[in-house]
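Here is how the chains run, residue by residue.
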Amino acid sequence: MNAEGKKALKDNFLVALAGQQNAGKSTTYNMVTGANQHVANYPGVTVDKKVGSYREGKTRYEVVDLPGTYSLTSFSLEERVSREFLLEEKPDVVVNVMDATCLRRSLYFTFQVLEMNFPVTVALNMMDVAESQGLSIDLKELTKRLGVDVVATVGRKGKGKQALKAAIRKAVNQESYTRPVVIDYGDLEVHAKALEEQLAADASLGVLYPLRWLAIKLLENDSEARKIVETKHTAGKSIIEDALSRRMEFEDETGVNTSDYIVACRDRVAGEIVDACVTKEADSGQPISERIDRWVLNRALAPFFLLATVYLIYELSIVQGYELTKYTWPFLAKFRDIVAGVLPPAGLIEDSLLRSMVLWMVDSANTLLNYVPIFLILFALIAILEDSGYMARIAFILDRIFHSFGLHGQSTLPFILGGVFAGGCAVPGIMSTKGIPDERSRLATILTVPFMNCLAKIPLYTLLVNIYFADHKSWAMFFISTITIIMALIIAKILTTTVLKGRETAPFIMEMPNYHAPTFFGVAQRALERTWEYIKKVGSIVVAVSLCVFSLLQFPGLTDGRMDYYETEMSKAVATYDSKVAGNAYSGLATGDKMLPLLNLYDDYKRARMNSSGKEGAARVDHSFKKANPETFVLIKPRGDKAAKVVNRAVRKLSSKRKSLRRKIKEEKIKTSFFGMIGRSLEPVTKYAGFDWKVNIALISSFAARESSVATMGVLYQQGADDNQTLEQRMDNESQSSGMNSLHALAVLLFFALYPPCLAATIMVKVQTGSYKWMAFAIFFPTAVGFGVASAVFTLGNVLGASGITMMKGFYVFALSVALLIALAHKIASDKVSASYEYQPSNQ
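Residues numbered from 1 in each chain as written. Predicted model: local features only at pLDDT ≥ 70, side-chain atom pairs only at ≥ 80, totals over all residues. Heavy atoms only, no water.

## Notes on the environment of Thr433
- As for its position among the elements, Thr433 is in the loop between helix 20 (426-431) and helix 21 (439-448).
- Assessed through its relative accessible area of 0%, Thr433 is described here as buried.
- Separated by 12 residues in the primary sequence, Thr433 and Thr445 place their C-alpha atoms 7.1 Å from one another.
- Of note is the side chain of Thr433, whose polar atom sits 2.6 Å from the backbone oxygen of Ile430. (Helix = DSSP H or I, 4+ residues; strand = E, 2+ residues; numbered from the N terminus. Buried < 20%, exposed > 50% of the residue type's maximum accessible area, 1.4 Å probe, protein only. Polar contact = N/O pair within 3.5 Å; in protein donor to acceptor, adjacent residues only side chain to side chain.)

Shown next, in the form of C-alpha cells:
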C-alpha cells in the first residue's frame, strides 16, 4: 500500500500548534480542544507540554501546544523543544497561530515552518483587534502568497473554530504540497544549493530532514544543525567545514553577517506580503495599546503602576488567600480525622508506628494542600496579567535592575510572592518562575526566592527580636525585611557567574503585546490547570521526602529503660484516675479496657471542637459525637449530671497528664533521634556561629516546616512552662544563665534568613528544575552560605566586643555596599560593550 493509501486509512492525526509568544496560541488551543486536554512535561525538560484532542466522526485529532517562540533556532530551551518536536514527531499538520495586528513579525516564524516542509494552516488570530486598529487584511491574497489556507480567528471568543477545523482536515488529507512562497536568499543561494547537493549524497538524511532547510541552518551556523549533520551524515565533518568556509567567504565578499543577511531576506519577503495584503485606514489614529502605554510605561509613573499591581497581587493571593485557608483547613482536618479513624487507635502514651507514619504523611500533605486557595488566586491573577499584556511590561520595567545581578525582569513576581515584604511564601514564588524564558536567570531565581521572608519565618523573627532587640524593634524588622533581598541579589550574581555560568541564556527580546480583556473561561481554566498540576506533582514527591524526615526524627527512639519510666508514670496517673472514678455510676463505661477509648474520644472531641467555627459548627460536632457515642457522650459533655462530671474531671486530668508525658517523650525523642544526634554533633562547629544544640535542633527541624522552629524551641525550652510563662520569658530566663545575647540572636537571624528552603519549597525546587541535583544544591548551598555569614558576623562581633545591634548595622552597610558595587561594575561593563559597537574612525 502506498503512502497516500495508508494516510487515507488513518483515523488519528497529530496537529502541532505553533507560533510566537502573545499571538493567542493558548486561546486558540482552548478553542479547538475544549476541556479535553492535559498538561505534562516534554521528556527531560521542565517545559510545559499541553496535549488535547477532538473528534470528527471516527477521526481523532491530537493537538500539541508547542512553547511560544519567536523563531525556530536552537538558541533557547523552548525553541529547541519546539523544533525537535517538529523534526522528530513529524506532525500531520502545523497550525501556525499569527497575530493579525503584527503580521510582518509573525511571518518571520511562518517562513521557518514552511521551510521545514510541513503541511501548514495559518490561524490569523485577533482579527477583532486588528479591525479596531483600522487594519484590513486580504485573506485571499495572503492565502495565495503563502500557499496555505489562512483562517481568520478570534480565539478568546471562539470565532473561526469550525473554519479552522475544516482547514486542518483539508491539510491532513492533501496529497502533495506546493508553496509559491520561497525565500530568495540572493547571493547566498549558490552556497545553499551547493550544501544541499552535498547533503543529498547521503540518501538517508533526506528522509529525516528537509535538506534545503538544513543547508540554510548550516549557513546560519546553527549548533543543533551542525550536530545533526556531523552525527548522521557520512561526510558530516567536511560538509560543516565547507559551510563555515562558504559563510566566511560570503561575509568577506559582502561585508555582511550571514545570519543578519538571512533575516533581512525573510524580512524583505514579509514586507512585500504585508504591502500586498494589508491596508490601514488613514484616520485610524494611535492604537489604544500605545495610548495606554504612554501612561503605564511613563518613566515617572511606571514604578507607581508596578507597585500598585504588586500590592494588589500580594494582598489578594497571600493575604486574602490565607484568609480562605481558614475555611478550607477544617476540611483537611476532617480528612485527617477520617484517616485517623481508620488506623489503629492511639496508644496510651505512644502510638503504633503505622499510625504515626501515616498521620505524619497526611499532615505533610495537608500542609501543602492548604496552599491551594492561595494558588488558585495567584494563578488566576497571573493569567489575567499574561492575557492582559501587562506581564511583559513588568519584565520590561525591572529587567535592567535585575539584569545587573544576573536575574530577569520576570524574577520580580517570584520575589514578591516569596516575601519581599514579610509574609510571603516560597512555594508559590518558586512556582511562578515557570514563565522566565532565560534558563540561567530562572535557576538563579528559583535558588534565591527562599531567601525571602516567608510567613513561616516571622514567628522566629518576632521571638528573637522581642527578646534580644526589644529597644530596636523597628530597625531590626527593617533590617530583616531588606537584608534578604540584598543578599538574594548578591547571591544570584555569584551563582550566575559561577555554577550557572554555563547555563543557557536567551537574548532579552522585549515585545509589547496589545492589551486584551481576559476572558473568565480562559483565566479560570488556566488557574485550575496549574493548581491541579501542583497537586499532582507535589503529591507524588511528598510521600518519599516526608518518609525520610519522619525516619530521621523518630529513630532510633527511646531505650526500653526510658519507656519503662514513662509507662510507670502513666500507670500512676491511671491509678489515680481509677481511684477517682471507682464507685461512680459510670465506672463501667470509664474504667478497665473502656478507659483508653474514652480518653481518645475526649481528645478527638476537643480537637473537633477546636476545628469547628461558630455556634452552629460546635452544635454539629456535638450532634455527630452524640450520635456516634450515645452512651459515653454524657461523660464528654456532662450537662448537670454530677456523676458524669466527676468522670469528666478525671478524664480531663488524665488527658492533661498524658499530653505532658507525650510531650516529654517527644522532646527526648528529638534529642536522641538522628536529627538530635546531628544537632549535638554539630555543636563543635556551630559554636563559631554561637549555636548550641537546642538551636541546632530547632533549625534542623524547621526544614520540615519553618513554623516548627519555634514549636521545637517551645518543646526544648520547658523550664517555666508549668508557671504559664511565655516562650519569650522562658528563653530570656535561660539566656541569662546560658550567656546567650543579642550577638547570638543576630547570628541565628542571619542563618535563618539564608537557610535552605523548607520541605514544601524544596519539593517545588525539584518540580521546577526537574532535577534532584538542584534540589540537593538548594539545601546544601544556602546552608554553607548562611553558616558562613552567621559565623563571620558572630566571630567578628566577639573579637570586636560589639553588640548585636552594632554588628547588625555594620553588616547592613557592608552588604548594601557590595550590592551597589556589583550594579556599578555591571553598568561600566555594559557601557564598554555598547561603546564597542559604535563607529570607530580609522587612524589610517
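## Structural notes on the confidence of the model for the protein
- Averaged over all residues, the pLDDT of the protein is 82; the fraction at 70 or higher stands at 87%.
- Confidence, read as mean pLDDT per element, is least for helix 1 (residues 3-9) in the protein (51) and greatest for strand 8 (residues 150-152) (93). (pLDDT = per-residue confidence, 0-100.)

## Re the packing of helix 2 (residues 25-33) against helix 7 (residues 161-173)
- Running from N to C, helix 2 and helix 7 cross one another at 85 degrees; their axes reach a closest spacing of 10 Å. The orientation of helix 2 with respect to helix 7, classified from their angle, is roughly perpendicular. Here Thr28, Met31 and Val32 of helix 2 come into contact with helix 7, specifically with Lys161, Leu164 and Lys165.
- Counted by class, the contact of helix 2 with helix 7 contains 3 nonpolar, 1 polar and 2 charged residues. (Axes fitted to C-alpha atoms, helices over the stretch in contact; angles between N-to-C directions. Parallel < 35°, antiparallel > 145°, perpendicular 65-115°, else oblique. Contact = heavy atoms within 4.5 Å. Nonpolar A, V, L, I, M, F, W, Y, C, P; charged D, E, K, R; others polar.)

## Some details on helix 14 (residues 288-296)
- All of the buried residues along helix 14 are Ser289, Asp293 and Val296. Along helix 14, the residues classed as buried sweep out an arc of 65 degrees about the axis, all on the same side. Counted as exposed and oriented over 90 degrees from the buried face of helix 14: Ile288, Arg294 and Trp295. (Arc of directions from axis to C-beta.)

## Notes on the environment of Ala130
- For Ala130, the location among the structural elements is in helix 5 (residues 127-132).
- Residues Ala130 and Thr101 lie 29 residues apart in sequence; the distance between their C-alpha atoms is 4.9 Å.
- In contact with Ala130, not counting residues within four places along its chain, are Ala100, Thr101 and Leu135.

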